[in-house]
Structure formats: C-alpha cells, structure tokens
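Residue strings, one per chain:
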Amino acid sequence: MAKSPETEHPNKVFGWGARDKSGVLSPFHFSRRDNGENDVTVKILFCGVCHTDLHTIKNDWGYTYYPVVPGHEIVGIATKVGKNVTKFKEGDRVGVGVIAGSCQSCESCDQDLENYCPQMSFTYNAIASDGTKNYGGYSENIVVDQRFVLRFPENLPSDSGAPLLCAGITVYSPMKYYGMTEAGKHLGVAGLGGLGHVAVKIGKAFGLKVTVISSSSKKEEEAINHLGADSFLVTSDPQKMKAAIGTMDYIIDTISAVHALYPLLGLLKVNGKLIALGLPEKPLELPMFPLVLGRKMVGGSDVGGLKETQEMLDFCAKHNITADIELIKMDEINSAMERLAKSDVRYRFVIDVANSLSPP
Amino acid sequence: MGKVLQKEAFGLAAKDNSGVLSPFRFTRRETGEKDVRFKVLFCGICHSDLHMVKNEWGMSTYPLVPGHEIVGVVTEVGAKVTKFKTGEKVGVGCLVSSCGSCDSCTEGMENYCPKSIQTYGFKYYDDTITYGGYSDHMVCDEGFIIRIPDNLPLDAAAPLLCAGITVYSPMKYHGLDKPGMHIGVVGLGGLGHVGVKFAKAMGTKVTVISTSERKRDEAINRLGADAFLVSRDPKQIKDAMGTMDGIIDTVSATHSLLPLLGLLKHKGKLVMVGAPEKPLELPVMPLIFERKMVMGSMIGGIKETQEMIDMAGKHNITADIELISADYVNTAMERLEKADVRYRFVIDVANTLKPNPNL
C-alpha cells in the first residue's frame with residue numbers, strides 16, 4: 001500500500017505546502033525520518049522565501065512533485081544530533097540551505113562541490129537516497145545529514161541571515177570561482193532583488209566598485225544610500241549606457257526574466273565576464289561579436305558547495321552582511337508570494353516560523 | 001608634418017561591393033626608420049577577405065586591397081630596425097599597428113587595443129588607408145612583422161598568420177592546450193583544419209564536429225583527428241555527451257549551441273572564433289547547472305603570433321592549401337563562398353601578380 005506523506009516516516013511534522021500548480025500554500029501534515037547516526041534535527045526558527053520557492057509551487061520549470069513544502073533558507077536550533085555527528089551539538093544555532101544530500105564520493109563531492117554532484121538532492125522537491133521525498137523549511141523541523149548543516153556565526157542574526165543560505169552563496173560562489181574579487185575592480189550587478197542586493201553588499205565587502213544596473217530609476221536612492229553601491233545605471237537611458245561602455249570588469253546578472261544580453265556585454269571591458277544567475281524560462285539571445293571582439297565570456301553558477309557556503313557565512317558575519325528582509329507570519333505566505341511575483345519586496349520575505357507556524 | 005614620400009605599388013582591389021577584384025595601382029610610404037619593407041611572395045585568402053570585399057560587415061571603404069596572411073622576403077629596413085634584415089623571410093598578419101600603451105597593448109594583446117589598425121581597410125596615421133597583401137610589396141612597422149621559421153614552406157605557412165593564431169590564442173588563454181585533454185573542433189574549413197593540427201601538436205585528443213559525414217575520412221586519416229562526429233545525428237551527440245574539456249567553434253553561420261554545450265564536461269569551455277552575424281540562442285541551464293562557459297576570441301597578439309608560428313615550425317604545421325594565380329582570384333572567391341576549398345586558397349603573388357600595363 002502506498003504510504004501517504006503522513007505515514008511515510010515515523011515522526012509526524014506540520015508545515016505549509018502547495019498541492020497543485022495554483023501554488024496556493026496551506027497547512028500540510030507530513031512526516032520525517034528518525035534522527036539517524038549522521039543526522040542533525042533542526043527546530044526551525046526562520047525560513048527565507050526564495051524566488052525558486054515561487055517557481056516551484058507554480059511548477060514554472062515543469063518538474064514539481066506535488067505536494068511540495070518549499071523553503072531552503074532555514075535557520076534554527078539543533079535539537080538532536082546522531083552519534084556520529086562531530087560538528088554540532090544540541091542547542092547550536094545552525095542553517096540548512098539548498099542542498100540536503102549528495103553521493104559524497106564523486107569528483108565533485110571530493111572537491112566540496114556537492115552542488116555539482118550528479119546525485120545531489122535539493123532540500124525540497126527532490127528524492128532522497130532512500131527514495132522518499134524531501135520537504136523543505138516552511139515547517140516545524142527538518143532532519144539533515146551533518147554534512148549539509150551549516151554553523152551559523154554568532155553575530156549573524158537568524159532572521160536576516162537566513163537568506164544568505166541561498167541568495168548569499170549564489171552570488172558568493174561565482175564571484176570566487178570566476179575571480180571577481182580583486183579590490184578596486186568594477187562589478188556591475190544587473191537586477192536589484194534578493195540576489196542583487198546581496199551581491200552589492202558582498203561586492204563592496206570585497207573592495208570592488210559596484211554599479212547597479214536596473215531597468216528603472218526607482219531603486220537608485222536605495223541602492224546608493226542604503227546598500228552602498230557606488231553608482232546606478234538605468235538601461236533605458238541611452239546616453240548613460242553609452243558612457244558606461246567598456247567600464248566593467250565583471251557583471252553578475254541576477255535578472256530572471258528573458259532580457260537582452262547585448263547592452264550588458266557592451267558594458268564589459270576587454271576580457272570581461274558576465275555571470276548569469278537568473279533562470280529565464282526561454283533561452284537568451286547571445287550576440288557573438290561582443291564576445292569575439294572583446295574576448296568576453298558568459299558563464300553561470302548554481303548555489304555553492306557546503307564548505308564554501310560556510311566560508312560565505314563566516315565572511316558575511318565578519319563584514320556584517322545580512323539580507324534586507326520583511327518578516328512575515330506563516331499564514332501571510334500566499335499574499336507574500338503574490339507580492340514576490342511582482343517584485344514587491346525589499347528584498348526578501350522571511351517567515352517567522354517558530355512564532356507563527358502552529359498546527360490547527 | 002611634411003607629406004611622406006611614396007613608392008609605387010600595385011595589387012588587386014575591390015572597387016565596390018560586388019567584391020570583384022581587379023588590377024589597381026597605388027602607393028605605399030617610403031620605408032620609415034622603424035619600418036620593414038618586403039616583397040610579397042604569397043598571400044592567403046581568408047574568409048574575412050570575402051566578407052570585406054562585399055562590405056558584408058558594413059565597414060568597407062573602396063578601393064579595398066585585401067589580404068592579411070602575407071609572407072615574403074625583406075628588401076629594405078629602416079635605420080632603427082633591429083630585429084630584421086634584408087633577405088629574411090617574414091610575414092604580416094591582421095594588424096599593422098596599435099596604440100602601444102593601453103592595458104591590452106601592455107599585455108601583448110594588440111588585437112584588443114581599441115586603436116589597433118588592421119592590415120587593410122583601416123585609416124593609418126598618415127591619413128592613408130591600409131592596403132593588404134594582394135599586392136607586390138608591403139611596408140610595416142617592425143613591431144608587427146613576424147619571422148617565418150626556415151623549415152616552413154612559405155605558401156603553406158601564410159594562412160597561419162590569421163587562421164593559425166585565431167585558434168592558437170584561445171587554446172592557450174583558456175588552458176585548452178594540456179596533453180590528454182579532449183578538444184572538439186566544430187567546422188572543418190580554414191580555421192578548423194588548422195585547429196585540429198595545433199590541438200594534436202599540443203597533445204590533446206581531438207574530435208571534429210561537423211554537419212555531414214563527408215569529411216570523416218579526411219579528418220581522421222589525413223588531418224589526424226582522433227574522432228569525428230556528425231552534429232545532426234542525435235545518437236552520435238548523445239554518445240559523446242559530457243566528454244570534452246573544450247570546444248573551438250569555427251562556424252560562422254547561425255547554429256545551435258545546445259548540443260555543443262552538452263558535449264562539454266562539467267566546467268567545459270565553448271570558444272567561439274567564428275562570428276555569426278545574428279545572435280545565437282543561449283540556453284542558460286548548462287551554464288548554471290554545469291558551470292559551462294561560452295567565450296569569444298579574435299586573432300591574437302603579436303608576441304603570441306610569433307610563438308604560434310615558431311610552434312608550427314617545430315611541429316611542421318602548415319595549412320592545407322590550393323595555390324592559385326592572381327587572375328584566378330575572383331573564381332577562388334566564388335568557390336570560397338561555397339566552402340569549395342581544401343582548406344585555404346593562397347595567391348602565388350610574386351609569380352603571377354603583374355602590374356596591368358594599361359593602367
């Protein structure tokens with residue numbers, strides 16, 4: 001007899017989940033495994049709302065397995081640790097990000113790049129190695145192998161630190177990998193949302209000059225006075241765009257809608273790099289002449305490995321980098337999702353899980 | 001500044017965007033103190049020449065004397081020239097000057113200097129337009145002259161000055177030159193066939209990726225490629241998925257990047273050296289989930305051009321050419337348009353380019 005989400009595992013858990021592509025989230029009862037010898041059980045305090053959560057509940061990418069409990073920017077307290085767990089003890093403040101499992105023996109895993117392991121499983125909407133479904137952080141607790149648990153630095157607040165577990169690592173990893181951290185160089189950040197605003201802060205912490213590239217001037221004052229960007233470029237201003245041609249060493253492109261690469265490539269200096277992080281539904285148009293004439297490069301990146309996620313958290317703690325958040329209650333999640341779809345948030349919703357998630 | 005004295009020259013020029021080449025008399029500057037003057041023996045016909053004579057890139061001015069794969073023998077050197085002397089075998093590629101002081105020039109990458117001056121069709125400092133190698137002689141600043149290794153036949157070495165450096169430069173820059181690596185070469189024309197030869201000389205395993213079976217035997221048995229795959233055959237693509245460290249894509253027509261990205265290993269690099277005019281579709285998922293990269297490259301710096309041709313000398317790498325006489329050049333251009341050449345036409349300038357007595 002097929003097991004229901006509630007009976008699949010021995011421990012009943014409560015959360016909010018989506019059951020179909022309307023994406024409407026509502027109370028959902030399911031279950032989690034016993035805490036194994038390598039596991040850490042985390043009582044969830046806060047969970048960030050990532051744009052991926054929205055794409056997933058609406059099945060935008062076509063591979064959602066309903067019912068789905070999203071959430072992969074999780075901060076909480078370790079309440080149980082298995083007997084082989086050495087890195088954490090009960091009472092520790094910990095985080096769980098985008099990845100909850102990997103094979104732990106391939107070349108990528110050996111290089112601490114679990115994000116590129118072919119058997120990597122996401123924290124939610126994925127099948128774990130035991131064949132059961134992973135449910136994410138819009139829930140009371142989560143049970144995760146210690147390898148996929150992060151130590152949350154002392155001075156990083158749990159609520160505004162939570163989004164770093166996805167947004168933070170998503171910008172930090174490519175900046176390190178593609179060598180975009182040389183102090184004094186010029187970084188463009190295209191798009192100013194969850195990813196973009198964190199990219200500005202991390203860029204400044206690396207000593208880069210940072211220009212925000214946006215389709216409207218709405219966020220200019222905020223970008224400069226609040227986030228610390230050095231300048232702001234509106235793509236619909238032809239004169240300013242012309243003056244900025246060939247001035248940037250790197251661009252982090254966080255725009256998730258289909259958009260033109262040609263003007264962004266023009267902003268890069270010779271040898272410049274554009275790293276795409278957004279996941280538009282359709283392919284983008286790539287003009288060849290700017291790449292060929294300027295030896296420019298387009299690359300991408302997907303979150304990061306666990307070791308570098310920890311490195312990122314420690315870096316952000318050292319530089320007092322947190323996300324700008326709007327704290328919401330669990331039952332406000334559906335209106336938050338509607339606002340997120342319109343980019344109406346500065347810049348990440350975070351669910352106050354511990355204080356607002358109550359079983360009926 | 002006084003007018004620079006000129007010497008007579010003759011060559012073949014396109015007079016309009018029909019692209020038809022015909023005899024043309026013009027002048028070149030006297031040999032300046034840093035100049036090297038040489039008699040042109042051979043000049044390769046690059047596909048760029050075809051684009052330019054027909055003004056397909058919208059930047060041609062007429063009359064246009066093409067040719068940037070030029071080899072010959074030094075006839076005169078200026079008083080301050082130290083690196084060359086008369087009688088030496090030399091060549092000139094795509095560049096004749098650059099600013100000398102920008103970041104690109106300082107790094108020896110004059111090809112990316114915003115003020116670089118190409119061998120033909122560009123305005124020079126003395127307000128003349130540069131004229132290329134479909135002509136009896138060249139004069140060029142010493143800093144842009146390449147020495148041709150003694151053991152290389154000059155006619156078959158000429159195409160290396162553009163085609164050779166165009167594939168060599170990105171292979172070195174992007175670290176795709178390590179023995180044991182697996183490199184794909186897309187397109188088997190002027191660039192592609194030279195790409196195969198350099199990649200093999202670097203010790204890599206080479207797979208040629210082509211749209212038809214036609215060139216399989218040639219690629220493997222004559223050019224030395226290790227494997228050949230037809231990009232239109234889904235099974236051949238599938239079997240080779242995730243096997244290549246890098247791909248050099250020489251195709252200038254619009255084509256699909258998705259299967260090529262699929263052939264790359266995780267973190268693999270797709271280097272575009274052909275330049276399709278229209279944008280190509282870029283699927284972002286392979287870049288994001290497999291950290292693959294798409295990059296461009298254009299010829300190379302002067303120092304590395306010399307390095308490239310020295311490597312060619314060491315490994316006996318030359319282009320596969322069809323030597324033609326000057327009066328065949330228009331027919332050659334028509335055949336080039338249909339990719340009907342194995343793999344580069346080279347004009348036997350010294351023996352067949354004669355001044356038109358009627359001009």
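Residues numbered from 1 in each chain as written. Chains lettered and ligands numbered in written order. Predicted model: local features only at pLDDT ≥ 70, side-chain atom pairs only at ≥ 80, totals over all residues. Heavy atoms only, no water.

Student: Describe the overall build of chain A, listing the residues and the values that go with them.
Tutor: When helices and strands are tallied, chain A shows 12 helices and 18 strands. For 360 residues, the compact-globule estimate of 2.2 N^0.38 gives 21 Å, and chain A sits close to it at 20 Å. Structurally, chain A occupies a C-alpha span of about 65 × 40 × 35 Å along its principal axes. Considering chain A as a whole, with its 360 residues, one finds that 59% of them fall into the buried category. Within chain A, contacts between residues separated by at least 24 positions form 66% of all contacts whose residues are at least 6 apart in sequence. Carbon together with sulfur atoms contributes 49% to the accessible area of chain A, which is approximately 14,400 Å² in total. Treating the 37 positive side-chain charges of chain A as one cloud and the 41 negative ones as another, the clouds have centres 3 Å apart. (Helix = DSSP H or I, 4+ residues; strand = E, 2+ residues; numbered from the N terminus. Rg over C-alpha atoms; globule rule 2.2 N^0.38 Å. Buried < 20%, exposed > 50% of the residue type's maximum accessible area, 1.4 Å probe, protein only. Contact = heavy atoms within 4.5 Å. Areas by Shrake-Rupley, 256 points an atom, 1.4 Å probe, with all protein chains shown as cover. Lys, Arg positive; Asp, Glu negative; His and termini not counted. Charge placed at Lys NZ, Arg CZ, Asp CG, Glu CD.)

Student: Go over the domain arrangement of chain A, please, and point to the residues and values.
Tutor: Residue and element names in this part refer to chain A. Under the domain assignment, chain A is made up of domain 1 (11–166 + 324–352) and domain 2 (167–300). Each of domain 1 and domain 2 was reduced to a C-alpha centroid, and the two centroids are 28 Å apart. The interface is formed by 10 residues belonging to domain 1 together with 16 residues belonging to domain 2. Around 1,200 Å² of area is buried between domain 1 and domain 2 when both sides are counted, 47% of it from carbon and sulfur atoms. Applying the counting criterion to the domain 1 and domain 2 interface returns 2 salt bridges. A salt bridge links Glu222 to Arg346, with the shortest nitrogen-to-oxygen separation between them at 3.4 Å. Counting the contacts that link domain 1 with domain 2 gives 12 residue pairs in polar contact (both at pLDDT 80 or more). (Domains from an automatic or database assignment. Buried area = accessible area lost by both parts, 1.4 Å probe. Salt bridge = Lys/Arg side-chain N within 4 Å of Asp/Glu carboxyl O. Polar contact = N/O pair within 3.5 Å; in protein donor to acceptor, adjacent residues only side chain to side chain.)

Student: Just give me the short version of the packing of aromatic side chains, but keep the residues and values in it.
Tutor: A full pass over the atoms with the stated rule returns 14 aromatic pairs over all chains. For the ring pair Phe289 of chain A and Trp57 of chain B, a centre distance of 6.5 Å and an interplane angle of 80° mean the geometry is edge-to-face. With Phe289 of chain A in helix α9 (residues 288–294) and Trp57 of chain B in the loop between α1 (47–53) and β4 (70–77), this residue pair bridges two chains. Looking at Trp57 of chain B, the relative accessible area reads 31%, which means it is partly exposed. (Phe/Tyr/Trp six-rings, centres within 6.5 Å; stacked < 30°, edge-to-face > 60°.)

Student: Summarise the side chain of Arg37 of chain B; cite the residues concerned and give the values.
Tutor: All names here are of chain B. Take Arg37: it is sitting in strand β3 (residues 35–45). Buried within the structure, Arg37 lacks any salt-bridge partner; Glu76 is the closest side chain of opposite charge, at an N-O distance of 4.5 Å. Among the polar contacts listed, one links the side chain of Arg37 to the backbone oxygen of Arg29, at a separation of 2.9 Å. For Arg37, the side chain forms a polar contact with the side chain of His137, separated by 3.1 Å. Excluding anything up to four places from it in sequence, Arg37 contacts Lys7, Arg28, Arg29, Glu30, Thr31, Val73, Val74, Thr75, Glu76, His137, Met138 and Val139.

Student: If you had to explain the interface of chain B and chain A to someone new, which residues and values would you point to?
Tutor: Listed as interface residues are 34 residues of chain B and, on the opposing side, 35 residues of chain A. Counting the surface lost from both chain B and chain A, the interface buries some 3,100 Å², and carbon and sulfur atoms represent 67% of this. The interface formed by chain B and chain A holds 0 salt bridges in total. The tally of links from chain B across to chain A stands at 8 residue pairs in polar contact (both at pLDDT 80 or more). Where the side of chain B that touches chain A is concerned, the elements lending two or more residues are α4 (163–173), β14 (264–272), β15 (280–282), α9 (285–290) and β16 (293–296) of chain B. In terms of residue count, the dominant contributor to the side of chain B that touches chain A is α9 of chain B (5 residues).

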